[in-house]
Amino acid sequence: MSDGLDTFPKLLARNAREFGAKPALREKEFGIWQALSWQQYHDKVRDFSLGLVSLGFERGDKVAIIGNNRPEWVCAELAAQAAGGASVGIYQDSNLTEVAFVIDHCDAKFVVAEDQEQVDKILDMIDQLPKLKNVIYSEPRGMRKYDHPSLMSFAAVEEKGRALHQADASRWEKNIAAGKGGDTAIICYTSGTTGFPKGALLTFDNLIVMAKSVNAVDAKFATDEFVSFLPLAWIGEQMVSLTNSLLVGFTINFPEDPSTVTEDIREIGPHTMFAPPRVWENMSSTVQVKIMDTTPFKRAMYNWAMPIGYRVADLKFKKQQVPFGLSLLQKLSYWALFRPLKDRLGLTNLRTCSTGGAALGPDVFRFFHALGVPLKQIYGQTEISGISCIHYDGDVQFHTVGKPIPGTELKISPDGEILSRSASITPGYYKNDEATKQTIRDGWLHSGDAGYMTDDGHLVVIDRIKDVMRLADGTQFSPQFIENRLKFSPYIKEAVVIGNDRPQLTAMICIDMGIVG
């Protein structure tokens, strides 16, 4: 990076100098939001990083992290990177076999486990993890009677770091300065649906270039608020909660519990939001069900205002001018219905929001755009640091995932596979050269997804190439493509299409009883 800020720890140090007492992280505990300033964030990372060094952490080592979204997660990740190592996220609902595989495969010396549940997973199989040196827990509840030589508390490691900092005040700055943009920042393991997961190596350069490219077309600001509730082991959450937050300087909020996310979003009123389709679908369904049970007056207001919002949204989708009279009606309906409704959902301040991972039905898209929520679709893979396509402002199309972001090239191979190329593509998979050669050829990332480009440059994703099937007469079809189109109906909650080598297709439909009722 031309500005010298080519690693996360360097960005953290910059933010501590520039933002100081401004909240960087906020966590809800016992119903109260507890803030951590950028300076406190920096100091916590410094103490934990030096604590790891005092325990024997060396450049190139790995720290595995498992647990819910908490400040300790991001602090542990940055601490490992500041000491010259990399972090490895593990999904909190992973079973023992999956946890053991990732810890052993990535050669982790240290594991940061959030609480008793995650610590138990590690201790139950610690004999199978000879490379593991210490297990560090951040939540002490239930841990009082645990007595294992490898077990340490997060606070105890921080204390060791403070002692090292007092003995050698220059050690921290030297460690940060030694980091380079080409260093591995994280090892992000894929889902492993066809076997054990593969660990994609992602450098600081990969991640920061990606964040800058996305921000060029979907800007975030230092004054923004963001609620982090998707797994931090996933590249999508890493892109926002770590890369974007450090690059721009906005505040990350951690919910009290996964079950309180909806209420916590309402309290924070985020400016930027990223969520999978199920979250947006649940919001839309909840509103429709609540309207059915509300007073006749409120129902009449809803039935009067929503068609106005839909007409305005449809004109904008078609890139047509909104007539003056309709614009006035839209302003009136905004204050009468849309603003209170957005406030109820916690979306009043939302300026930029996106969804990804699966197709989102046009009814849901239209609903949120009618409210004035600028929802966009994104597309990408772990191997390209998260995002390769996004809907640009004023150019949203239901059936597409948008256009390539700046710096990303896209093309379709002769057999219909989506190929992409950018500076954010992984250098390869950890300890898996064969998979690297199969996935990255001549600088192009082979996604394994089937798709096509529209005449105006949008990408349409059909399905995984291996999941495209044939009828008995040889006709090709994508079960997922058809299933997603069926789920565009608000009355259909889930659909499964079968028909491989059969004369016709059959669909099993799961009705959304909440809406149909």
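Is there a simple way to think about the overall build of the chain in this case?
For the chain, the count of helices and strands is 17 helices and 26 strands. Buried residues in the chain amount to 55% of all 517 residues. The contacts of the chain with a sequence gap of at least 6 include a subset with a gap of at least 24, amounting to 64%. Entry remark: accessible area of the chain is about 22,700 Å², with carbon and sulfur atoms responsible for 53%. Averaging the positions of the 55 positive and the 62 negative side-chain charges in the chain gives two centres separated by 4 Å.

Please clarify how the sheet that holds strand β11 (residues 251-254) should be interpreted in this entry.
Pairing between sheet strands relies on hydrogen bonds along the backbone, with the strands arranged either parallel or antiparallel. Strand order in this open sheet of 4 strands is β2-β1-β11-β10, and the pairing throughout is mixed. Edge positions in the open sheet fall to β2 (32-37) and β10 (225-227), since each of these has one partner strand only. Taken over all neighbouring pairs, the strand axes of this sheet differ in orientation by 25° on average, direction set aside. Note: strand β1 (residues 23-29) against β2, 6 bridges, orientation antiparallel. Counted as the bridge partner of P23 is S37 from β2.

Could you clarify how one ought to interpret the sheet that holds strand β19 (residues 428-429) in this entry?
The 8 strands lie next to each other as β7-β6-β5-β3-β4-β8-β9-β19, forming an open sheet whose pairing is mixed. What marks the edges here is a single partner per strand, and that holds for β7 (151-153) and β19. Pairing geometry for strand β3 (residues 62-66) and strand β5 (residues 108-113), over 5 bridges, is parallel. Across the sheet, the residue bridging to K62 is A108, located in β5. Packed onto the sheet, helix α8 (residues 204-217) meets β8 (184-189) and β9 (199-203) and runs at close to 70° relative to β9.

Help me out: how do you make sense of the nonpolar core in this one?
The tendency in soluble globular proteins is for nonpolar side chains to be buried side by side. In terms of nonpolar packing, the biggest core is built from 103 residues, with F8, Y41, F48, M273, W280 and F368 touching the most fellow members. Ignoring sequence-local partners within four residues, the contact set of F48 consists of A76, A79, V112, I136, F154, V157 and E158. In this structure, F101, A113, V119 and I126 belong to the second largest nonpolar core, which totals 27 residues.

Help me understand the packing of helix α2 (residues 38-54) against helix α3 (residues 71-82), please; the structure alone is not making it clear to me.
Relative placement of two packed helices is described by the angle separating their axes and the distance separating the axes. Contact pair α2 / α3: the axes reach a minimum separation of 8 Å and the direction vectors enclose 55°. Taken together, α2 and α3 sit at an angle that is classed as oblique. The way α2 lies across α3 gives a crossing that is right-handed. The segment α2 lies against α3, with Y41, K44, V45, F48, S49 and L52 engaging E72, V74, C75, A76, L78, A79, A80 and A82. Partitioning the contact of α2 with α3 into residue classes produces 11 nonpolar, 1 polar and 2 charged.

Would you explain the packing of helix α1 (residues 8-19) against helix α9 (residues 235-248) in this entry?
The N-to-C vectors of α1 and α9 enclose an angle of 45°; their axes lie 8 Å apart at closest approach. Considering the angle they form, α1 stands oblique to α9. Once α1 is placed against α9, the crossing between them reads as left-handed. On the side of α1, the interface is formed by F8, L11, L12, R14, N15 and F19, while α9 contributes L242, T243, S245, L246, L247 and V248. A class-by-class count of the residues in the contact of α1 with α9 yields 8 nonpolar, 3 polar and 1 charged.

How should the layout of surface pockets be read in this particular structure?
Empty space among the atoms becomes visible once a probe the size of a water molecule is rolled across them. Roughly 1,100 Å³ of volume is contained in the second largest pocket. Lining the second largest pocket are 39 residues; nearest its centre among them are T262, R266, M283, T286 and L345. Looking at which element gives the most residues to the lining of the second largest pocket, the answer is helix α11 (residues 277-293), with 9 residues. Here the residues of the lining of the second largest pocket sort into 22 nonpolar, 10 polar and 7 charged.

Honestly, helix α14 (residues 362-371) in this entry has me stumped. Any pointers?
An α-helix turns once every 3.6 residues. As a result, residues three or four positions apart point the same way. Of all 10 residues in α14, 8 are buried, a share of seventy percent or more. Within α14, the full set of buried residues consists of P362, V364, F365, F367, F368, H369, A370 and L371. For α14, the secondary structure elements touched by its buried residues are α11, α12 (296-317), α13 (324-345) and β14 (375-379). Phi for G372, located one or two positions after α14, is positive at around 95°.

It is not clear to me how the environment of A64 should be interpreted in this structure. Could you clarify?
Tracing the sequence through the fold places A64 in strand β3. Considered as a pair, A64 and K145 are 81 residues apart in the sequence and their alpha carbons are 24 Å apart. Once residues lying within four places of it in the same chain are set aside, the contact partners of A64 are V88, I90, I103, A108, F110, V111 and V112.

Whenever I open this one, the side chain of Q118 confuses me. Can you help?
Mapping Q118 onto the fold places it in helix α5 (residues 116-123). There is a polar contact of 3.2 Å between the side chain of Q118 and the backbone oxygen of Q92. Among all residues touching Q118, those that are not within four sequence positions of it are I66, G67, Q92 and A113.

What should I look at first to understand α5 in this one?
Those residues of α5 that sit buried are Q118, V119, K121 and I122. Here the buried residues of α5 occupy an arc of 155° about the axis, which is enough to place them on one side. Contact partners of the buried residues in α5: β3, α4 (96-105), β5, β6 (134-137) and β7.

Help me understand the pairing of β8, please; the structure alone is not making it clear to me.
Regular strands show a simple pattern: their side chains alternate between the two faces of the sheet. Counting buried positions along β8 gives 5 out of 6 residues, so the element sits mostly inside the fold. Inspection of the sheet shows strand β4 (residues 86-90) paired to β8 by 2 bridges, in the parallel sense. Bridging across to β8, S87 finds its partner in I186. As paired strands, β8 and β9 are joined by 5 bridges and run antiparallel to one another. Bridging across to β9, Y189 finds its partner in G199.

Help me understand the state of the cysteines in this model?
Defined simply, a disulfide is a covalent bond joining two cysteines at their sulfur atoms. Following the criterion strictly, the structure yields 0 disulfides and no others. We note that C389 lacks a disulfide partner, and the nearest cysteine sulfur, in C353, lies 18 Å from it.

Scoring rules and cut-offs
- Residues numbered from 1 in each chain as written.
- Predicted model: local features only at pLDDT ≥ 70, side-chain atom pairs only at ≥ 80, totals over all residues.
- Heavy atoms only, no water.
- Helix = DSSP H or I, 4+ residues; strand = E, 2+ residues; numbered from the N terminus.
- Buried < 20%, exposed > 50% of the residue type's maximum accessible area, 1.4 Å probe, protein only.
- Contact = heavy atoms within 4.5 Å.
- Areas by Shrake-Rupley, 256 points an atom, 1.4 Å probe, with all protein chains shown as cover.
- Lys, Arg positive; Asp, Glu negative; His and termini not counted.
- Charge placed at Lys NZ, Arg CZ, Asp CG, Glu CD.
- Pairing = 2+ DSSP bridges.
- Axes fitted to C-alpha atoms, helices over the stretch in contact; angles between N-to-C directions.
- Core = buried A, V, L, I, M, F, W, Y, C linked by side-chain atoms within 4.5 Å.
- Parallel < 35°, antiparallel > 145°, perpendicular 65-115°, else oblique.
- Left-handed = near helix turned anticlockwise from the far one by under 90°.
- Nonpolar A, V, L, I, M, F, W, Y, C, P; charged D, E, K, R; others polar.
- 1 Å grid on protein atoms, 1.4 Å probe; cavity = no way out; pocket = protein on both sides within 12 Å on 5 of 7 lines; lining within 4 Å.
- Points joined across faces, edges and corners; volume = space filled by probe spheres on them.
- Polar contact = N/O pair within 3.5 Å; in protein donor to acceptor, adjacent residues only side chain to side chain.
- Arc of directions from axis to C-beta.
- Disulfide = S-S within 2.5 Å.

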